[in-house]
Amino acid sequence: MAKAMIAGLLAAGHPAGNITVTEPQETTLALLRTGFPGVRTSTDNAAAIFGSHVIVLATKPQVLKAVAEALVAPLKTESTNNPLILSIAAGIRVADLARWLDYKTIVRVMPNTPALVSEGASGLYASQSVSEKQKDLAFAVCASFSKLAYWLDKEQLLDVVTGTSGSGPAYFLYLCEAMVEAAVEQGMPREIARGLVAQTCLGVGKMTLSQLDTEFSVLRRNVTSPKGTTEAGIKVFDDNNVKQHMKDCVVAATKRADELGDILGSQVKFF
Ligand SMILES: NC(=O)c1ccc[n+]([C@@H]2O[C@H](COP(=O)([O-])OP(=O)(O)OC[C@H]3O[C@@H](n4cnc5c(N)ncnc54)[C@H](OP(=O)(O)O)[C@@H]3O)[C@@H](O)[C@H]2O)c1
C-alpha cells in the first residue's frame, strides 16, 4: 500500500527527495529506490522521522504496536515540530495508537491500492486533538493519491470504509478473475479476455463517477434488455443470492477490521 501512496504522491508533484521510506530489509529498499528514483530510504525508523512534517505508519496492523513504541522517544524530540501521524493500518484505533506513541496528533486514513494510479478512494478520521490546519494537511496528502476522499465523523465508519473500498479492489478483481476464466473456457484467447474485462472495469468506473447522482441499479438496468443476454446472466446471480453474499462479504471484512482493533489494541469494550 505504501508503494501505491508513494506513486500517487510523486504523480501529484511531491518532490521525491521530500519522501523517506523505511523498511527493515535493505534489499527491498534497493528495489524501491529503483522504482522511485530520488526517494530517500532507511532501515532506521527513529532516525527517519527527524524533521518530518508527516509520518505515515504503513506496516501491517500486527507489528504496529512495536513500531509505535519504538517511536516514543524520537517523537518526544520532534514534538516541537508537532508532526502529523497518518496511520493506514486496518482496525487500529486512534486511542490505542496514541497510547502506544504517547502522542495525539493522529489521523487515520483508509486508502486503497488504486492510489498507485492516482485513482484511490480514501476515508479519513481525526481525533479531537488534531487541529483544523493538521486536518487540512492530512487531507492534502491523502488527496494526492486519492481521487475521492471523505472525512468520517465516527471512527467505527473507518472499518466500514475498510470493508468497502479498502478491500474493494480485491472484490472487483475476484469478479474479473471469474469473468476471464469463463471467457477463456469458452474459447477466448486469454489476453483478449483480460483486455475486455479490464477495459469494462475502467469504463464502468468512469461511467458511474460521471453520474454519481444516478443509482447504480438504474445504470445496471440500462444494460439489461428485456429477455436479453444480461437478464439471463443476472438471473444466475439472483437465483444464487449473490447480492446477499456480496453484502455478507463487505460485512465480514468490516467486522474483521473491528476485531483487529479489539485484539491488537487490547481495548476493553463496555456494553
Ligand atoms: N494492501 C491494501 O490494499 C491496503 C489498503 C488499505 C490499508 N492497508 C493497510 O496498510 C498496511 C500495510 O499493508 P500492506 O498490504 O501494504 O502490507 P505489506 O505489503 O506487508 O507492507 C508493510 C511494509 O511494512 C514493512 N515493515 C515491517 N516491519 C516494519 C518495521 N518495523 N519498520 C518499518 N517497516 C516495517 C514491511 O517490510 P517487510 O515486508 O520487509 O516485512 C512492508 O514493506 C496495513 O496496516 C493494512 O491494513 C492496506
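Since this is a predicted model, take the numbers as computed values, not measurements.

What counts and how
- Residues numbered from 1 in each chain as written.
- Predicted model: local features only at pLDDT ≥ 70, side-chain atom pairs only at ≥ 80, totals over all residues.
- Heavy atoms only, no water.
- Helix = DSSP H or I, 4+ residues; strand = E, 2+ residues; numbered from the N terminus.
- Buried < 20%, exposed > 50% of the residue type's maximum accessible area, 1.4 Å probe, protein only.
- Contact = heavy atoms within 4.5 Å.
- Areas by Shrake-Rupley, 256 points an atom, 1.4 Å probe, with all protein chains shown as cover.
- Salt bridge = Lys/Arg side-chain N within 4 Å of Asp/Glu carboxyl O.
- Core = buried A, V, L, I, M, F, W, Y, C linked by side-chain atoms within 4.5 Å.
- Polar contact = N/O pair within 3.5 Å; in protein donor to acceptor, adjacent residues only side chain to side chain.
- Patch = residues over 30% accessible without salt bridge, like charges linked within 9 Å, V, L, I, M, F, W, Y side chains within 5 Å.
- pLDDT = per-residue confidence, 0-100.
- Near = heavy atom within 4 Å.
- Nonpolar A, V, L, I, M, F, W, Y, C, P; charged D, E, K, R; others polar.
- Phe/Tyr/Trp six-rings, centres within 6.5 Å; stacked < 30°, edge-to-face > 60°.
- Lys NZ or Arg CZ within 6 Å of the ring centre and 35° of its normal.
- Pairing = 2+ DSSP bridges.
- Axes fitted to C-alpha atoms, helices over the stretch in contact; angles between N-to-C directions.
- UniProt positions renumbered as here; feature names shortened; annotations may be inferred.

1. Details of the overall build of the protein
From N to C terminus, the protein includes 13 helices and 7 strands. Taken along its principal axes, the extent of the C-alpha atoms in the protein is 70 × 50 × 30 Å. Of all 271 residues assigned to the protein, the portion counted as buried reaches 34%. The contacts in the protein between residues at least 6 apart in sequence include a share of 59% that link residues at least 24 apart. Surface exposure of the protein reaches about 16300 Å², of which carbon and sulfur atoms provide 60%.

2. A few points about the pattern of salt bridges
Applying the stated criterion across every chain yields a total of 13 salt bridges. Among the ionic pairs, aspartate 102 bridges to lysine 76, the shortest N-O distance being 2.6 Å. With aspartate 102 in the loop between α6 (94-101) and β5 (106-110) and lysine 76 in helix α5 (residues 72-78), the pair connects residues that are 26 residues apart, well separated along the chain. Residue arginine 99 pairs with aspartate 96 through a salt bridge whose shortest N-O separation is 2.8 Å. Linking arginine 99 with aspartate 96, this pair stays in helix α6, spanning 3 residues, or about one helical turn. According to the relative accessible area criterion, aspartate 96 is buried, its value standing at 0%.

3. Considerations on the nonpolar core
Core analysis: the biggest nonpolar cluster contains 25 residues, and Val39, Leu86, Val107, Val109, Leu124 and Phe145 have the highest contact counts within it. For this core, the elements supplying multiple residues, two or more each, are α1 (2-11), β4 (84-87), β5, β6 (120-126) and α7 (132-143). Broken down by element, this core gets its largest block of residues, 5 residues, from α1. Counting residues in hydrophobic clusters, the runner-up holds 24 residues, among them Leu57, Ala68, Leu97 and Leu152.

4. Structural notes on the environment of serine 144
Mapping serine 144 onto the fold places it in the loop between α7 and β7 (146-151). Linking serine 144 and serine 118, residues 26 residues apart in sequence, is a C-alpha distance of 7.1 Å. Aside from chain neighbours lying at most four places away, what touches serine 144 is Gly8, Leu9, Ala12, His14 and Ser118. Separated by 2.5 Å, the side chain of serine 144 and the backbone oxygen of valine 141 make a polar contact.

5. A short note on a nonpolar patch on the surface
A cluster of nonpolar side chains, contributed by Leu148, Tyr150, Leu209, Leu212 and Phe216, occupies part of the molecular surface with about 510 Å² of accessible area. Of the residues examined, phenylalanine 216 reaches a relative accessible area of 53% and is grouped as exposed.

6. Some remarks on the confidence of the model for the protein
Per-residue confidence for the protein gives a mean pLDDT of 95; residues scoring 70 or more make up 98%. In the predicted assembly, ipTM is 0.98 and pTM is 0.95.

7. Considering the site of the ligand
As a matter of local geometry, the ligand sits amid 17 residues, with Met1, Glu23, Thr59, Lys60 and Ala90 nearest to it. Methionine 1 is positioned such that a nitrogen or oxygen atom in its backbone is 2.7 Å from an oxygen atom of the ligand. Lysine 60 is positioned such that a nitrogen or oxygen atom in its side chain is 2.8 Å from an oxygen atom of the ligand. When grouped by side-chain class, the residues that make up the shell around the ligand number 10 nonpolar, 5 polar and 2 charged.

8. Topic: the packing of aromatic side chains
As enumerated under the stated definition, the model contains 1 aromatic pair in all. One Lys or Arg, lysine 135, reaches over the ring of tryptophan 151 and ends 4.9 Å from the middle of that ring.

9. A few points about the sheet that holds β6
Taken together, 5 strands build an open sheet; the order of strands is β3-β4-β5-β6-β7 and the sheet is mixed. At either end of the open sheet lies a strand with only one pairing partner, and these are β3 (54-57) and β7. Mean inter-strand twist for the sheet, computed between neighbouring axes without regard to direction, equals 25°. Sheet analysis places β5 next to β6, joined by 4 bridges and oriented antiparallel. By the bridge assignment, valine 107 is partnered in β6 with alanine 126. Against the sheet, α7 makes contact with β3, β4, β5, β6 and β7, and its axis sits at roughly 150° relative to β7, the strand it touches most.

10. With respect to the UniProt feature "binding site: NADPH" (unreviewed entry) in the protein
Those places that UniProt annotates as "binding site: NADPH" (unreviewed entry) correspond, in this numbering, to Asn45. By the element assignment, asparagine 45 lies in helix α3 (residues 45-48). Of the residues examined, asparagine 45 reaches a relative accessible area of 29% and is grouped as partly exposed.

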